[in-house]
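Single-letter residue listing:
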Amino acid sequence: MTEDRPLPLPLRLAGMAVLAGTGAVTGGLVARVVDDGGVPPDDALNLFIAVVLIAMAAISAGVLALRPSRYPKGCGVLQVVVMALAGIMLLVPLYATRWISSELAFGLVLALLAVQTFANLLLWRRADEMLRRIMVETGSLAFWTLQLALFLYASGERLGLTDGVTAWGMIAVLMAVYLVASAIVAARRGLK
């Protein structure tokens with residue numbers, strides 16, 4: 001059996017440059033859509049989170065497809081499905097009513113949510129101890145961060161210092177906090 005060696009530094013740097021370029025292009029396109037369309041702030045944040053989730057799912061799917069067959073896929077496919085569905089579910093309320101009724105769009109969200117919930121449950125069942133730990137730590141960090149933010153916001157709102165936020169805006173904030181929390185936890189785990 002041969003020992004796997006890390007990729008040479010120039011290839012790793014090239015990979016990081018491709019990912020950075022992809023992120024810059026994705027962010028730039030979303031910013032252009034938001035700017036040109038006069039998109040409200042809560043829609044803009046949900047659109048950005050949706051694009052990030054779908055882009056992460058696509059990149060992860062590419063990594064899984066290019067991974068040598070001697071490495072098990074693990075829970076990667078389920079993670080891709082969960083991320084992609086989360087992004088799609090954020091896009092449906094934004095754009096589906098151009099082609100279908102609001103009721104049908106909401107039914108589509110419910111159906112996608114059922115599939116994503118099933119995929120999340122499978123992911124938890126099939127996850128190893130490290131992935132489960134990452135999931136738990138991400139949820140805990142997101143919860144405590146959001147609890148603190150909600151308390152401060154609610155206090156400011158009660159005192160007349162802040163305006164109201166829609167539930168749609170709140171889900172965008174929740175998803176943004178969860179993404180940042182997952183990145184922090186995964187990076188911290190990866191550095192150990």
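Conventions we followed
- Residues numbered from 1 in each chain as written.
- Predicted model: local features only at pLDDT ≥ 70, side-chain atom pairs only at ≥ 80, totals over all residues.
- Heavy atoms only, no water.
- Helix = DSSP H or I, 4+ residues; strand = E, 2+ residues; numbered from the N terminus.
- Buried < 20%, exposed > 50% of the residue type's maximum accessible area, 1.4 Å probe, protein only.
- Contact = heavy atoms within 4.5 Å.
- Areas by Shrake-Rupley, 256 points an atom, 1.4 Å probe, with all protein chains shown as cover.
- Lys, Arg positive; Asp, Glu negative; His and termini not counted.
- Charge placed at Lys NZ, Arg CZ, Asp CG, Glu CD.
- Core = buried A, V, L, I, M, F, W, Y, C linked by side-chain atoms within 4.5 Å.
- Expected span 1.5 Å × (residues − 1).
- Patch = residues over 30% accessible without salt bridge, like charges linked within 9 Å, V, L, I, M, F, W, Y side chains within 5 Å.
- Salt bridge = Lys/Arg side-chain N within 4 Å of Asp/Glu carboxyl O.
- pLDDT = per-residue confidence, 0-100.
- Axes fitted to C-alpha atoms, helices over the stretch in contact; angles between N-to-C directions.
- Parallel < 35°, antiparallel > 145°, perpendicular 65-115°, else oblique.
- Left-handed = near helix turned anticlockwise from the far one by under 90°.
- Nonpolar A, V, L, I, M, F, W, Y, C, P; charged D, E, K, R; others polar.

Undergrad: What am I meant to see in the overall build of the chain here?
TA: A tally of helices and strands in the chain yields 6 helices and 0 strands. Mapped from its N terminus to its C terminus, the chain presents α and β elements in the order α-α-α-α-α-α. Across its three principal directions, the C-alpha atoms of the chain cover 65 × 40 × 35 Å. Residue burial in the chain is summarised as follows: out of 192 residues, 24% are buried. Across the chain, the fraction of contacts at a sequence separation of at least 24, relative to all contacts at a separation of at least 6, is 70%. Working note: accessible area of the chain is about 13100 Å², and carbon and sulfur atoms make up 71% of it. Within the chain, one finds 15 positive and 12 negative side-chain charges whose respective centroids are separated by 13 Å.

Undergrad: Looking at this model, I keep getting lost on the nonpolar core. Mind explaining?
TA: The nonpolar side chains of soluble globular proteins are, as a tendency, buried together. Grouped together as the largest cluster of nonpolar side chains are 12 residues: I49, A50, V52, L53, A57, L64, V80, M83, A86, L90, M175 and L179. Among the secondary structure elements, those contributing two or more residues to this core are α2 (41-66), α3 (76-95) and α6 (167-191). For this core, the element with the highest residue contribution is α2, accounting for 6 residues.

Undergrad: Would you mind showing me how to read α2 here?
TA: Because an α-helix packs 3.6 residues into every turn, residues spaced three or four apart end up facing the same way. Its 26 residues give α2 an end-to-end C-alpha distance of 37 Å, which sits within 8% of 38 Å, the value for a rise of 1.5 Å per residue. Turning to α2, its buried residues are A44, N46, L47, I49, A50, V52, L53, A57 and L64.

Undergrad: Even after reading the chapter, I still don't get a nonpolar patch on the surface, so can you show me in this structure?
TA: Nonpolar side chains collect at one region of the surface, where L9, L13 and M16 lie side by side and expose about 300 Å² of accessible area between them. Relative to the helices and strands, L9 resides in helix α1 (residues 9-37).

Undergrad: Honestly, the confidence of the model for the chain in this entry has me stumped. Any pointers?
TA: Detail in the predicted coordinates should be disregarded across regions flagged by low pLDDT. Of the residues in the chain, 94% reach a pLDDT of 70 or more, and the chain-wide mean stands at 86. Of all the helices and strands in the chain, α1 carries the lowest mean pLDDT, 76, while helix α4 (residues 102-126) carries the highest, 95.

Undergrad: Just to check I follow, could you spell out the packing of α1 against α2 for this structure?
TA: Helix-helix packing: each pair is described by the crossing angle between the helix axes and the interaxial distance. The interhelical angle for the contact between α1 and α2, taken along N-to-C directions, is 150 degrees, at an axis separation of 10 Å. With respect to their mutual orientation, α1 and α2 come out roughly antiparallel. Pair α1 / α2 crosses with right-handed handedness. In this structure, α1 contributes L19, T22, T26, G27, V30, V33 and V34 to the contact, and α2 contributes A44, L47, F48, V51 and I59. By residue class, the composition of the contact of α1 with α2 is 9 nonpolar, 3 polar and no charged.

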